[in-house]
Amino acid sequence: MLLQNTVYTMRKAMLITLLLSVTTAYAQNDVVMQNVFARNVTSLNGSWNYIIDPFDMGYYDYRLNENPNGFFKNQKAKNSQHLVEYNFDTSPLMVLPSDWNTKNPQLFFYEGSIWFKKDFVHTKQPGRRTYIYFGAANYDTKVYVNGTKVGEHTGGFTPFEFDVTNVLKDGNNFVVVRVNNERIPSGVPTVNADWWNYGGITRDVLLVSVPDVFIDDYLIQLEKGRYDNIVGYVRLNQAVEKPITVEIPALSLRQTVRTDVSGKATVSLRAKPELWSPDRPLLYEVRILSENDTITDQIGFRQIETVGKEIRLNGKKIFLKGIAIHEEAPFRQGRAWSPEDAKTTIGWAKELGCNFVRLAHYPHNEHIVREAERQGVMVWSEIPVYWTIHWENPDTYANAERQLDEMIDRDKNRCNVIIWSVANETPHSEARDAFLEKLAARTRLKDSTRLLSMAMEVTSTYDNTSKINDYMHRYVDIISFNNYLGWYGGTLNDLNTRRWDIPYDKPFFVSEFGAGALQGKHGTTDEIWTEEYQAELYRRTLAMYDKVEGFAGCSPWILVDFYSPRRQLNDIQDFFNRKGIISNNGIRKQAFYVLQDFYRRKITPLTPQVDYAR
Ligand code: GCB
């Protein structure tokens, strides 16, 4: 015990040192502008020319040095003597956003570089700046405008933008983007994962026009633990002192504050807004005005906390009726990205009776988070710290932390996001614990108003009892774990008798369970891959957890079958992970109705009554 305490104190001291270094690093970070879709944007979605470049000859010369005349120059042969060994204008077209794997059969398994080029017309406007914004591109992206490099980004699932004001011309312009999706061992994720490594410009590309001095970031939310105070900040892109007004017309609220020398102003408004909840997903229009800029958002207000073994939304116990979701397009294969994709997917979750979704295993696009918010669905959002990444590599840590920052920065105003998750099924080691402790501390530092979790695993089994004993338990608000009893080990009968040892005074959440089933394959409940087996596993698993104290919700694996290179079984899997309760063609399997029935019978509190005296 003494030894344990000493180790704990030592770890704490280490953590404080790490935190201090983290704080310094944060001050230098830049944030992608908040709420880009509400700004003055020109979409660059649509047809782009592309060149497949497996040997990266558009980037390197024959000595493997960076070629100053790479494909980004978008050269054309000037005359019949001029040797240029590529031509974007005669290369094929791809409609973006999209993964490339499902757009061209030659690219289904492709991992490497592809160059994209688009021409556009621009008119320069005095007193305004233009940014080029990417919702996401997987994985390593370099962006060039009119032949000049404007920036690069690593990580496949978070937004990035570059100020291109000075490289744009009046009239014709072109943008060239090189995206490389090769898996690298030190990456986040690493080389091994159970989903398709879709490459390409997978989310919206926009040109954003803003005033020279504009509102680039803000946070507006209820003060933690109070129902009568709305707090937050507004930040300008420049370190200037200026008046800022925040208005919430439906609450007759209007406050003018002044930014400090760093360009930031804090906001505090006395008000008792009606609360957002799954039963009543109320959003208020919030307007923020500066001298030259105005931005409008739809913002909901709520409190989320845990008390003992309960999760409480607005002070009332809530059960998370969830489902896990990959960012896989409904009905067609490939990456989902659009508002329409989001409507279908969240519509399915609602039909199932969900009030919660786990957006696995990386930050999903902003449209689906907002769609879930409008439809009253709470969200678990996570970064791809998945399985065995390079715990000891500082670059891997920096990459994971950057992706965490970008995820939180983008969605911090979404009241439906209630859990930030920092890892999935990571194996125990000192190095892993130190890595995750640091990430957990970082999450708290950036956002102390939401819950923190990570998908853990069963650590031991004794006497027909599964035990969760992960060192990280002390850093999370919710003990979450994945477990596939009855599929990866054990039988359906084990589900009738298995006991659970979760020795913490915290709620527990089952972040995954499931079984593979080919839609339309029928048999007895003893035959794997049948709908019957999957449905039976759902029935028994749900009954098992429902008896355990502290069961606060679950997100079974998974809403829809999804592509994965690890799933090779011919005529059953055919490269699909078949644990969906909806097939890749959108057909519900029997397990869908088992879960729906369980959620119907599970009592949801009605719109929580708020105790304003708190
Ligand atoms: C897991 C992983 C998930 C896999 C799933 C499976 O535990 O977290 O990414 O897809 O199991 O189907 O094996």
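Please read all numbers here as calculations on a predicted model, not as lab measurements.

Below, the discussion takes up the overall build of the protein. Along the backbone of the protein there are eight helices and 33 strands. Relative to a compact globule of 614 residues, whose C-alpha radius of gyration would be 25 Å, the protein shows 25 Å and is just as compact. Referenced to the eigenvectors of the C-alpha coordinate spread, the extents of the protein come out at roughly 80 × 60 × 50 Å. Expressed as a percentage of the 614 residues in the protein, the buried residues total 60%. Intrachain contacts of the protein at a sequence separation of at least 6 include 72% that bridge at least 24 residues. If you sum the accessible surface of the protein, you get close to 24500 Å²; carbon and sulfur atoms cover 51% of it. Separation between the mean location of the 72 positive side-chain charges and that of the 75 negative ones in the protein comes to 3 Å.

This part covers the sheet that holds strand β14 (residues 253-258). Strand order across the open sheet formed by four strands is β14-β13-β16-β17, with antiparallel pairing between neighbours. At either margin of the open sheet sits one strand with a lone partner, and together these are β14 and β17 (294-299). Within this sheet the neighbouring strands show an average axis-to-axis angle of 15 degrees, counted without direction. As judged from the six bridges shared by strand β13 (residues 243-248) and β14, these two strands associate in the antiparallel manner. Considered in β14, the bridge of Val246 is made with Gln255.

Size of an interface, as often reported, equals the accessible area lost when the parts are brought together. Each assigned domain of the protein is listed here: domain 1 (1-30), domain 2 (36-209), domain 3 (215-302) and domain 4 (315-601). A straight line from the C-alpha centre of domain 2 to that of domain 4 covers 32 Å. Contact with domain 2, which involves 30 residues of that partner, is made by 38 residues of domain 4. In terms of surface lost to domain 4, no three residues of domain 2 exceed Val188, Asp194 and Trp195, which account for 25% of the buried area on that side. One can count two salt bridges joining domain 2 with domain 4. With its nearest N and O atoms 2.7 Å apart, the salt bridge here joins Arg567 to Asp194. One can count 16 residue pairs in polar contact (both at pLDDT 80 or more) joining domain 2 with domain 4.

Let us look at the side chain of Asp228. Relative to the helices and strands, Asp228 is located in the loop between β11 (215-222) and β12 (229-236). If we ignore the near neighbours within four places in the chain, the residues touching Asp228 are Leu269, Arg270, Ala271 and Lys272.

This part covers helix α8 (residues 590-601). Between its first and last C-alpha, α8 extends 17 Å over twelve residues, near the 16 Å set by a 1.5 Å rise per residue. Summarising the contacts, the buried residues of α8 are in contact with β21 (320-325), α2 (339-352), α7 (531-546) and β31 (551-554).

Next up on the list: the site of the ligand. Around the ligand, the surrounding shell holds 14 residues, and the nearest of these are Asp194, Tyr386, Glu425, Tyr488 and Lys579. One of the side-chain N or O atoms of Tyr386 is found 2.6 Å from an oxygen atom in the ligand. Contact between the ligand and Tyr484: an oxygen atom at 3.4 Å from a side-chain N or O atom of the residue. Taking 320 Å² as the accessible area of the ligand by itself, protein coverage stands at 97%.

Counting residues in each nonpolar core, the largest one holds 90 residues, and the members touching the most others are Ile323, Val385 and Leu439. Looking at this core element by element, the count peaks at seven residues for α7. In this structure, this core is formed jointly by two domains, domain 2 (36-209) and domain 4 (315-601), each of which donates at least three residues.

All told, the structure shown has 49 aromatic pairs when counted by the stated rule. Taking 5.8 Å as the distance between ring centres and 55 degrees as the angle between the ring planes, the aromatic pair formed by Trp100 and Tyr110 counts as tilted. Of this pair, Trp100 sits in the loop between β3 (93-96) and β4 (113-122) while Tyr110 is found in the loop between β3 and β4, placing the two residues ten residues apart along the sequence. What makes Trp100 buried here is its relative accessible area of 0%. Judged by relative accessible area, Tyr110 falls into the buried class, the value being 12%. Considering the side-chain rings of Trp196 and Phe575, the 5.7 Å spacing of their centres and the 85 degrees angle between planes classify their relative orientation as edge-to-face. Taken together, the residues Trp196 in the loop between β9 (171-180) and β10 (205-211) and Phe575 in the loop between β32 (562-563) and β33 (576-577) connect sequence positions 379 residues apart. An aromatic cluster is defined as three or more aromatic residues linked by ring pairs; in this entry it consists of Phe319, Phe481, Trp500, Phe508, Tyr545, Phe551, Phe598 and Tyr599. Against the face of Tyr397 rests Lys438, its NZ or CZ located 4.1 Å from the ring centre.

Turning to the packing of α7 against α8, a few remarks are in order. For any two helices packed against each other, the geometry is given by the interaxial angle and the distance between the axes. Between α7 and α8, the shortest axis-to-axis distance is 7 Å and the interhelical angle comes to 20 degrees. On the basis of their axis angle, the class for α7 and α8 is roughly parallel. Once α7 is placed against α8, the crossing between them reads as right-handed. Along the contact surface, α7 presents Glu531, Glu532, Gln534, Ala535, Tyr538, Arg539, Leu542 and Asp546, while α8 presents Gln590, Ala591, Val594, Leu595 and Phe598. Residue composition of the contact of α7 with α8, grouped by class: seven nonpolar, two polar and four charged.

Relative to the helices and strands, Ala324 is located in strand β21. Classification of Ala324 as buried rests on a relative accessible area of 0%. Along the sequence, Ala324 and Leu222 sit 102 residues apart, while their C-alpha atoms lie 28 Å from each other. In this structure Ala324 touches Arg358, Ser555, Pro556, Trp557, Ile558 and Leu559, once residues within four positions along its chain are discounted.

Calculation criteria
- Residues numbered from 1 in each chain as written.
- Predicted model: local features only at pLDDT ≥ 70, side-chain atom pairs only at ≥ 80, totals over all residues.
- Heavy atoms only, no water.
- Helix = DSSP H or I, 4+ residues; strand = E, 2+ residues; numbered from the N terminus.
- Rg over C-alpha atoms; globule rule 2.2 N^0.38 Å.
- Buried < 20%, exposed > 50% of the residue type's maximum accessible area, 1.4 Å probe, protein only.
- Contact = heavy atoms within 4.5 Å.
- Areas by Shrake-Rupley, 256 points an atom, 1.4 Å probe, with all protein chains shown as cover.
- Lys, Arg positive; Asp, Glu negative; His and termini not counted.
- Charge placed at Lys NZ, Arg CZ, Asp CG, Glu CD.
- Pairing = 2+ DSSP bridges.
- Axes fitted to C-alpha atoms, helices over the stretch in contact; angles between N-to-C directions.
- Domains from an automatic or database assignment.
- Buried area = accessible area lost by both parts, 1.4 Å probe.
- Salt bridge = Lys/Arg side-chain N within 4 Å of Asp/Glu carboxyl O.
- Polar contact = N/O pair within 3.5 Å; in protein donor to acceptor, adjacent residues only side chain to side chain.
- Expected span 1.5 Å × (residues − 1).
- Near = heavy atom within 4 Å.
- Core = buried A, V, L, I, M, F, W, Y, C linked by side-chain atoms within 4.5 Å.
- Phe/Tyr/Trp six-rings, centres within 6.5 Å; stacked < 30°, edge-to-face > 60°.
- Lys NZ or Arg CZ within 6 Å of the ring centre and 35° of its normal.
- Parallel < 35°, antiparallel > 145°, perpendicular 65-115°, else oblique.
- Left-handed = near helix turned anticlockwise from the far one by under 90°.
- Nonpolar A, V, L, I, M, F, W, Y, C, P; charged D, E, K, R; others polar.

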